[in-house]
Each structure stands twice: as structure tokens, then as C-alpha cells.
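Working through the structure, step by step
In case you want the letters, here they are:
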Amino acid sequence: MAKLDDIQAIAFDLDGTLVDSVPGLALATQKMLADLNLPTVTNEQVKNWVGNGIDVMLERVFKAIDINPSKEYFAEAKQIFSQHYDKVMDEQTTLFPHVKQTLKALYENHYPLALVTNKPAQFLPGLLSSLGIKDYFSLVLGGGDVIKLKPHPAPLYQVMATFGLYNDQLLFVGDSKNDISAAKNANCPTVALSYGYNYGESIATSEPDFLFDDFQDILTLLPQPKAEAKK
């Protein structure tokens, strides 16, 4: 396999790419619904609703249980969810296999790493610290840090501007069609992971440039140490 010699930095999605966050998201959702005396949902349902940020996930929750909440009721529910998620997030979120070792290898080979997620930014510092991967990232962008969420390319434009890169120098790694669409909209090369959350669909249908079953296979694409920029 040819190396991507032009790549100068890598950006990663979080949920479904680096971490299995469904147990925590589902538990917080279930606790929220119980507090509101509403019907519950399953972990498998929540898995298919992850990827567009908390607001959209909760909209899908309410639609599934046939509730049309007012703005005030929705805001209350979101606050309850956030309180529960803050308590269970660390314990109920785990790294996928080989993620930490791979991030460490890229970091040690001088690739600047960025995190680009639709998850609210408030949850990120504590979670990344608890997982032991916070120090690998030079830039962390969550919901609220950018003007538009993925699949809009704005977050990746922000990464390129921060790192001083052209689009073909940034590799984006994700697990859902939102990730691949964001990267394609920004004209960045893409890696997709098959094990993640993609609304019950195969990520292959989004036609990423590379598709892997194991996170560490990313290392097969990149020179180590990082090649010097040609531009």
C-alpha cells in the first residue's frame, strides 16, 4: 500500500472512532427518561442515533417514544441528560482496541493530531483525561467550538487554518457518513473504521478513500517519522 507522504496532520472523530460511548450515552438517556416518567429506549437504538450532537440525538429519542416536546420541556430534558451523562461518562466510555497505542505512535512520529467531534465541548477535557489520551491532541474541537457541525466542512477548515495546512495535507479519520461527508466537502483524504456508529448502515457506502477494521491499520498509510511537507 502506498504511503500518504503529503499528510502533515491527522484529525479524528471521537464517538465510534476512538471510543465506544454508547453505554454512557444510553445510560444517561435512560436515566433522563426515567426522571421524566417516559418510556425507555435500548442501547441498540441509541447506537443508531449517535453522531449529530446531543440535540439531534435527543430529538431522535423523543421521536422514537412519540413525544413532541415544547422548547422548554426539551431544554429541561437536555439539562437532566447532561447531569446524568457527566456522572456516568468516564466509567461508561472505553477506547476501542489499539487506539491509545496508535495515537502514541503518531504523536511520537511528530504528526500533529486534532479531535473533531460533534459532542458538546464541555464533556471533552475530563473525558480525554480519564482515557489517558488528552496530551496527544494539539487541537480539540467540540460542539460549540465551531460555527457548523459535521457534515459541514467548517471544523476541518478550522483544523487546517490552525495547523497551516492545505486540504491534501490533512487526513480525517471517522466512522460515519457525517465524517466522510465533512472530509469530502473539505477535499481532505479519508479513513473510515468499519466498527463504529453509522445509523445501522455500512460505512463503505460513503466511499471513503480507505476502510479499515482495525484502528492501528492507519499506521500502514503514513511514513514514520512524518515526511517533510513538499509545499
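See the structure above.
Everything numeric in this text was worked out from a predicted model, so none of it was measured.

**Structural notes on the environment of Phe137**
Mapped onto the elements, Phe137 comes out in the loop between α6 (124-131) and β5 (139-143). Separated by 109 residues in the primary sequence, Phe137 and Ala28 place their C-alpha atoms 27 Å from one another. Other than its neighbours up to four places away in sequence, Phe137 contacts Phe12, Leu18, Leu103, Leu113, Ala114 and Leu115.

**Quick word on α6**
Residues spaced three or four apart along an α-helix point in a common direction, a consequence of the helix completing one turn every 3.6 residues. The complete set of buried residues in α6 reads Leu124, Leu127, Leu128 and Leu131. One side of α6 holds all its buried residues, which, seen down the axis, span an arc of 95°. The secondary structure elements touched by the buried residues of α6 are β2 (19-20), α4 (71-92), β3 (94-95), α5 (99-108), β4 (113-120) and β5. With its phi angle positive at about 80°, Gly132 sits one or two positions after the end of α6.

**Remarks on the sheet that holds strand β6 (residues 170-174)**
In space, the 6 strands of this open sheet follow the order β5-β4-β1-β6-β7-β8, with parallel pairing throughout. Two strands lie at the open edges of the sheet, namely β5 and β8 (210-212), each paired on one side alone. Direction aside, the axes of adjacent strands within the sheet are offset by 20° on average. Two elements, strand β7 (residues 190-193) and β8, share 3 bridges in a ladder whose sense is parallel. Bridged to Ala192 within β8 is Leu211. Along the sheet, helix α8 (residues 177-185) makes contact with β6 and β7, crossing β7 at roughly 175°.

Definitions and cut-offs
Residues numbered from 1 in each chain as written. Predicted model: local features only at pLDDT ≥ 70, side-chain atom pairs only at ≥ 80, totals over all residues. Heavy atoms only, no water. Helix = DSSP H or I, 4+ residues; strand = E, 2+ residues; numbered from the N terminus. Contact = heavy atoms within 4.5 Å. Buried < 20%, exposed > 50% of the residue type's maximum accessible area, 1.4 Å probe, protein only. Arc of directions from axis to C-beta. Pairing = 2+ DSSP bridges. Axes fitted to C-alpha atoms, helices over the stretch in contact; angles between N-to-C directions.

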